[in-house]
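Each chain, letter by letter, is given below.
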Amino acid sequence: MAFNRKQKLRDNIEAVRTAFTLDRERRTPTERERALLERYCGFGGLKCILNPARELSDAVHWAKSDLELFAPTVELHRLIRENSKDETEYKRFVDSLKASVLTAFYTPKEITDTIADVLHDRKVRPKLVLEPSAGMGAFIAPVLSNNPQADVMAFEKDLLTGKMLGYLYPEQKIRTEGFEKIEKPFLNRFDLAISNIPFGDIAVFDPEFENGSTFRRIAARKVHTYFFLKGLDAVRDGGIVAFITSRGVLDTEGNGGTRYMMTRKADLLSAIRLPNNLFTESANTEVGCDLIVLQKNLSKKEMSQDERLMTVIQTDTKTDLTDNAYFIHHPERIVHTMAKLDTDPYGKPAMVYLHEGKAAGIAGDLRRMLDEDF
């Protein structure tokens, strides 16, 4: 189904309204209200909500292509303002929305189901599960479906999303704060850490990293490299980390230290490059990302050939582009039906991979590759 901005915005407004109603009435959601909450999809792909939208005269600042979204955006802001204790809380909600526009690209259900199902098929039965960037629980739902007795600790920094997530999973530990707030007693504990983690040159302040090795201090300068190392800190020996992440983790020269740390005390189970149109249906955006699955191994003595490849950046002789050596040597681990030379989000030359089978087709190829790798 094509991305419908107006419908997505309307769904989000009704979900937010439902969450505020539940807050006010201090009760759990009905089945109908759960369905409304589940339709919330964040504001990725809806940049219009950043435009001024307090009164009718603000419409003159809007692009013509966005004007159909002006009235619902006014409604959204009015709804949040009316349900905020004061202007300070309203601004916190709005700041949260702004961050959501840049980072909330929720993983299609077909993909999260596939990853969780393959792990389950391979006898992974986690009792303690960590979701460090939960969104609306796209990974929580399939993990609990396969393991109803599992205990989940989920972090979601976005205030509105965290509020709704808490109503959807009242029996789980939902924390509306950043993953860096996880306490020491919870490290080296989880059986599985699974997520579509945030990405960007956003530094994370974590005293454990600030006072750690040079590699760890550098990793904390980017949220996606930080999440990988902190995720490995959080799982027990033998525990699994399965993260969808931006290609920057594997393709950026400066992240070599993080890649080394990722495989120094963990075994690479799978690394699969996903197509750029993975989020087109859900967030109307094209962005390259990878699925990386690691298993913590504290007694590890040496790295495999594939793990060594993953730490290296090479120039591909076929395309003359700089890329992670793992994918140059394993092009069969790139999910796609089409490939073309284009540019990345920063305007640099890059290979763009597309899949004509949409989410269902991507999930089918992903399942086959994961089955082979595991």
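Given the structure is predicted, the values throughout are model-derived calculations rather than measurements.

Novice: Is there a simple way to explain the pairing of strand β11 (residues 349-354) in this structure?
Specialist: Strand residues, when the strand is regular, have side chains that alternate between the two faces of the sheet. Across the six residues that make up β11, a large majority, five, are buried. Alignment of strand β10 (residues 338-343) against β11, held across six bridges, turns out to be antiparallel. Note that in β11 the partner of Leu-341 across the bridge is Met-351.

Novice: Mind showing me how you'd approach the sheet that holds strand β1 (residues 128-131) here?
Specialist: What links the strands of a sheet is backbone hydrogen bonding, and the strands pair in either a parallel or an antiparallel sense. In space, the seven strands of this open sheet follow the order β3-β2-β1-β4-β5-β7-β6, with mixed pairing throughout. Edge strands, defined here as strands with exactly one partner in the open sheet, are β3 (173-175) and β6 (266-274). Within this sheet the neighbouring strands show an average axis-to-axis angle of 10 degrees, counted without direction. Sheet analysis places β6 next to strand β7 (residues 289-296), joined by eight bridges and oriented antiparallel. Looking at the pairing, Ser-270 lines up with Val-293 of β7. This element, helix α16 (residues 358-373), spans β6 and β7 of the sheet and lies at about 155 degrees to β6.

Novice: Just to check I follow, could you spell out the environment of Thr-214 for this structure?
Specialist: In this structure, Thr-214 sits in helix α9 (residues 214-219). For Thr-214, a relative accessible area of 46% gives the class partly exposed. Spatially, the C-alpha atoms of Thr-214 and Gly-257 are 8.7 Å apart, while their sequence positions differ by 43 residues.

Novice: In this structure, what is going on with the packing of helix α10 (residues 223-234) against helix α12 (residues 256-264)? I would like to understand it.
Specialist: If you want to describe how two helices pack, look at the angle between their axes and the distance between the axes. As a packed pair, α10 and α12 sit with axes 10 Å apart at the nearest point and diverge in direction by 20 degrees. The angle between α10 and α12 places the two elements in the roughly parallel class. Pair α10 / α12 crosses with left-handed handedness. Residues Thr-225, Phe-228, Leu-229 and Leu-232 of α10 touch α12, and the partners they reach there are Thr-258, Met-261 and Met-262.

Novice: What exactly am I supposed to notice about empty space enclosed by the protein here?
Specialist: Over the atoms a probe the size of a water molecule is rolled, and this reveals where empty space is left. What the rule picks out here adds up to one cavity of 30 Å³ or more. Counted as a void, the largest cavity has a volume near 50 Å³. Only α5 (109-121) and α6 (140-146) provide two or more residues apiece to the lining of the largest cavity. Within the lining of the largest cavity, the residues separate by chemical class into seven nonpolar, three polar and no charged.

Novice: Would you mind going over the packing of aromatic side chains with me for this structure?
Specialist: Given two aromatic rings, one states the distance between the centres and the angle between the planes to describe the pair. According to the stated counting rule, one finds 11 aromatic pairs in the structure shown. Relative to Phe-93, the ring of Phe-20 lies with its centre 5.8 Å away and its plane at 85 degrees, an arrangement referred to as edge-to-face. Here Phe-93 lies in helix α4 (residues 87-103) and Phe-20 lies in helix α1 (residues 5-25), a separation of 73 residues in the sequence. For the pair Phe-20 and Phe-93, one class covers both residues: buried. Each residue in the set Phe-155, Phe-179, Phe-209, Tyr-226 and Phe-227 is aromatic and connected to the rest through ring pairs, giving one cluster. Taking NZ or CZ as reference, Arg-81 lies 4.2 Å from the ring centre of Tyr-90, over its face.

Novice: It is not clear to me how the pattern of salt bridges should be interpreted in this structure. Could you clarify?
Specialist: If the charged atoms of two oppositely charged side chains come close together, the side chains can form a pair. For the coordinates displayed, the defined rule picks out 32 salt bridges. In this structure, the salt-bridge partner of Asp-121 is Arg-367, at a minimum N-O distance of 3.6 Å. Residue Asp-121 is located in helix α5, and its partner Arg-367 is located in helix α16; the two are separated by 246 residues in the primary sequence. One salt bridge connects Asp-371 with Arg-122, and the closest N-O pair in it is separated by 3.5 Å. On the criterion of sequence distance, the pair formed by Asp-371 in helix α16 and Arg-122 in the loop between α5 and β1 is long-range, its members being 249 residues apart. One salt-bridge network, held together by shared partners, links Arg-333, Asp-365, Arg-368, Glu-372 and Asp-373.

Novice: I keep staring at α5 and nothing clicks. Help me out?
Specialist: Note: α-helices contain 3.6 residues per turn, so residues at a spacing of three or four share the same orientation. When the terminal C-alpha atoms of α5 are compared, their 18 Å separation across 13 residues agrees well with the 18 Å that a helix rising 1.5 Å per residue should span. For α5, the elements touching its buried residues are α6, β4 (190-196), β5 (235-246), β7 and α16. Backbone geometry just downstream of α5 places Lys-123 in the positive-phi region, at approximately 70 degrees.

Novice: Could you clarify how one ought to interpret the nonpolar core in this entry?
Specialist: Soluble, globular proteins show a tendency: their nonpolar side chains are buried together. Core analysis: the largest hydrophobic core is formed by 71 residues, its most contacted members being Tyr-40, Phe-43, Ile-115, Leu-160, Met-164, Ile-194 and Leu-274. Ranked by the residues each element gives to this core, the list is headed by α1, at seven residues. The residues touching Leu-274, leaving out its near neighbours within four places in the chain, are Ile-244, Arg-247, Cys-289, Asp-290, Leu-291, Val-335, Ile-362 and Leu-366. One finds Phe-209, Val-249, Leu-250 and Met-261 within the second-largest nonpolar core, a separate group that totals 42 residues.

Novice: Would you mind showing me how to read the pairing of strand β2 (residues 151-155) here?
Specialist: With respect to burial, β2 is a largely interior element, four of its five residues being buried. Both β1 and β2 contribute to a ladder of four bridges, which runs parallel. Looking at β2, one finds that Val-129 is bridged to Val-152. For the handedness criterion, the β-α-β arrangement of β1, α6 and β2 is classed as right-handed. In the classification by handedness, the crossover that spans β2, the intervening helix α7 (residues 159-168) and the parallel β3 is right-handed.

Definitions and cut-offs
- Residues numbered from 1 in each chain as written.
- Predicted model: local features only at pLDDT ≥ 70, side-chain atom pairs only at ≥ 80, totals over all residues.
- Heavy atoms only, no water.
- Buried < 20%, exposed > 50% of the residue type's maximum accessible area, 1.4 Å probe, protein only.
- Helix = DSSP H or I, 4+ residues; strand = E, 2+ residues; numbered from the N terminus.
- Pairing = 2+ DSSP bridges.
- Axes fitted to C-alpha atoms, helices over the stretch in contact; angles between N-to-C directions.
- Contact = heavy atoms within 4.5 Å.
- Parallel < 35°, antiparallel > 145°, perpendicular 65-115°, else oblique.
- Left-handed = near helix turned anticlockwise from the far one by under 90°.
- 1 Å grid on protein atoms, 1.4 Å probe; cavity = no way out; pocket = protein on both sides within 12 Å on 5 of 7 lines; lining within 4 Å.
- Points joined across faces, edges and corners; volume = space filled by probe spheres on them.
- Nonpolar A, V, L, I, M, F, W, Y, C, P; charged D, E, K, R; others polar.
- Phe/Tyr/Trp six-rings, centres within 6.5 Å; stacked < 30°, edge-to-face > 60°.
- Lys NZ or Arg CZ within 6 Å of the ring centre and 35° of its normal.
- Salt bridge = Lys/Arg side-chain N within 4 Å of Asp/Glu carboxyl O.
- Expected span 1.5 Å × (residues − 1).
- Core = buried A, V, L, I, M, F, W, Y, C linked by side-chain atoms within 4.5 Å.
- Right-handed = clockwise from strand over helix to strand, strands pointing away.

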